Amino acid sequence: MTRPRVAVLDYGSGNLRSAVRAIERAGAEAILTSDATTAVEADGLLVPGVGAFEACMRGLVGVDGVRIVERRLIANRPVLGICVGMQILFAEGIEHGVRTEGCGELPGIVERLQAPIVPHMGWNTVEPGDGSRMFAGIEDERFYFVHSYGVRDWVLDQPPAMPDPAVTWTEYAGDRFVAAAEHGPLWATQFHPEKSGDAGSQLLKNWLATL
């Protein structure tokens, strides 16, 4: 049986080698690439990301990543964003008073967490959204987070053309924010599946099952 091919988008951000190894352990062939054709044509696309929203968006634009993601989603081809790779899929990010436009594939603004101590670093539970496929079999597990920013408000301006998104939430120090989202072929996690042990590996297997 042929393994699915997953392009891990190399735009200068993210734990690229960790992402590649995690995808391979989950049962797929991983290709680290910044080539647009390869990224568009692969069975799945993984968009990693660490660091500042603005820097990640600059890197993404530099490899035509916004268009790559858009083309895949229009064609109903799966995309998975991780950590800042999730954040840049939202409408915009605000860091240190500076607003940066995101990909706009998900509704919401990435802003600093309202918690006494940031970053939010370590293991946390989540509240999977109704009908979640991402968390099938791992609904009660813990996942590894490390971030200072997140999406604290999810509002759809109009009903989506596809089924309602499954939005997963978590809470840290009394602040509630989006931990993951599933919107048709677009999946995204604020936490790091590749650092989340067996639960993270199962999540990646759940994603690969959609390819």
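Residues numbered from 1 in each chain as written. Predicted model: local features only at pLDDT ≥ 70, side-chain atom pairs only at ≥ 80, totals over all residues. Heavy atoms only, no water.

Chemist: Residues and numbers for the pairing of strand S12 (residues 175-183), please.
Modeler: Of all nine residues that make up S12, eight are buried, and the element is covered over most of its length. Counting the residues in the hairpin turn of strand S11 (residues 166-172) and S12 gives two residues, including alanine 173, whose phi is positive at 50°. Where S12 hands over to strand S13 (residues 186-189), the hairpin turn is made up of two residues, of which glycine 184 adopts a positive phi near 60°. (Buried < 20%, exposed > 50% of the residue type's maximum accessible area, 1.4 Å probe, protein only. Helix = DSSP H or I, 4+ residues; strand = E, 2+ residues; numbered from the N terminus. Pairing = 2+ DSSP bridges.)

Chemist: Pulling in residues and values, what's your account of the environment of arginine 142?
Modeler: For arginine 142, the location among the structural elements is in strand S9 (residues 142-147). On a C-alpha basis, the gap between arginine 142 and threonine 125 in space is 4.5 Å, while along the polypeptide they are 17 residues apart. If we skip the residues at most four places from it in the chain, arginine 142 touches Trp123, Asn124, Thr125 and Ala199. Only 3.2 Å separates the side chain of arginine 142 from the backbone oxygen of tryptophan 123, close enough to count as a polar contact. (Contact = heavy atoms within 4.5 Å. Polar contact = N/O pair within 3.5 Å; in protein donor to acceptor, adjacent residues only side chain to side chain.)

Chemist: Just give me the short version of helix H3 (residues 53-62), but keep the residues and values in it.
Modeler: Turning to H3, its buried residues are Phe53, Cys56, Met57, Gly59 and Leu60. All buried residues of H3 project into a common sector of 160° when viewed along the axis, lining one side. Residues Arg58, Val61 and Gly62 are exposed on H3 and point more than 90 degrees away from its buried face. If you follow the buried residues of H3, they end up packed against strand S1 (5-9), helix H4 (65-74), helix H5 (84-87), strand S5 (90-95), strand S6 (98-101) and strand S7 (106-112). Once H3 finishes, aspartate 64 follows within two positions and takes phi at roughly 65°, a positive value. (Arc of directions from axis to C-beta.)

Chemist: If you had to explain the sheet that holds strand S2 (residues 29-33) to someone new, which residues and values would you point to?
Modeler: The seven strands are arranged S2-S1-S3-S4-S13-S12-S11 in an open sheet whose pairing can be described as mixed. Bordering the open sheet on either side are S2 and S11, each of which pairs with just one other strand. Strand after strand, the sheet turns through a mean of 25° between neighbouring axes, direction not considered. Strands S1, strand S3 (44-47), strand S4 (79-82) and S13 of the sheet are contacted by H4, whose axis makes an angle of about 145° with S3. (Axes fitted to C-alpha atoms, helices over the stretch in contact; angles between N-to-C directions.)

Chemist: Can you explain the pattern of salt bridges? Please cite residues and give values.
Modeler: Enumeration according to the criterion identifies seven salt bridges in this entry. One salt bridge connects glutamate 92 with arginine 99, and the closest N-O pair in it is separated by 2.7 Å. The exposure class of arginine 99 is exposed, given its relative accessible area of 54%. One salt bridge in this structure joins arginine 176 and glutamate 127, with 3.1 Å as the shortest N-O distance. Note that arginine 176 is positioned in strand S12 and glutamate 127 in the loop between strand S8 (120-125) and S9, a separation of 49 residues in sequence. According to the relative accessible area criterion, arginine 176 is partly exposed, its value standing at 36%. Residue class for glutamate 127 comes out partly exposed when judged on its relative accessible area of 39%. Several salt bridges converge on common partners, so that one network encompasses Glu111, Arg152 and Asp175. (Salt bridge = Lys/Arg side-chain N within 4 Å of Asp/Glu carboxyl O.)

Chemist: Kindly report on the sheet that holds S7, identifying the contributing residues and their values.
Modeler: Read across the open sheet, the four strands follow the order S6-S5-S7-S10; overall the sheet is mixed. Edge positions in the open sheet fall to S6 and strand S10 (149-151), since each of these has one partner strand only. Strand-to-strand twist across the sheet, computed as the mean angle between neighbouring axes with direction ignored, equals 20°. Note that S7 and S10 share three bridges and pair antiparallel. Paired with valine 110 across the two strands is valine 151, which belongs to S10.

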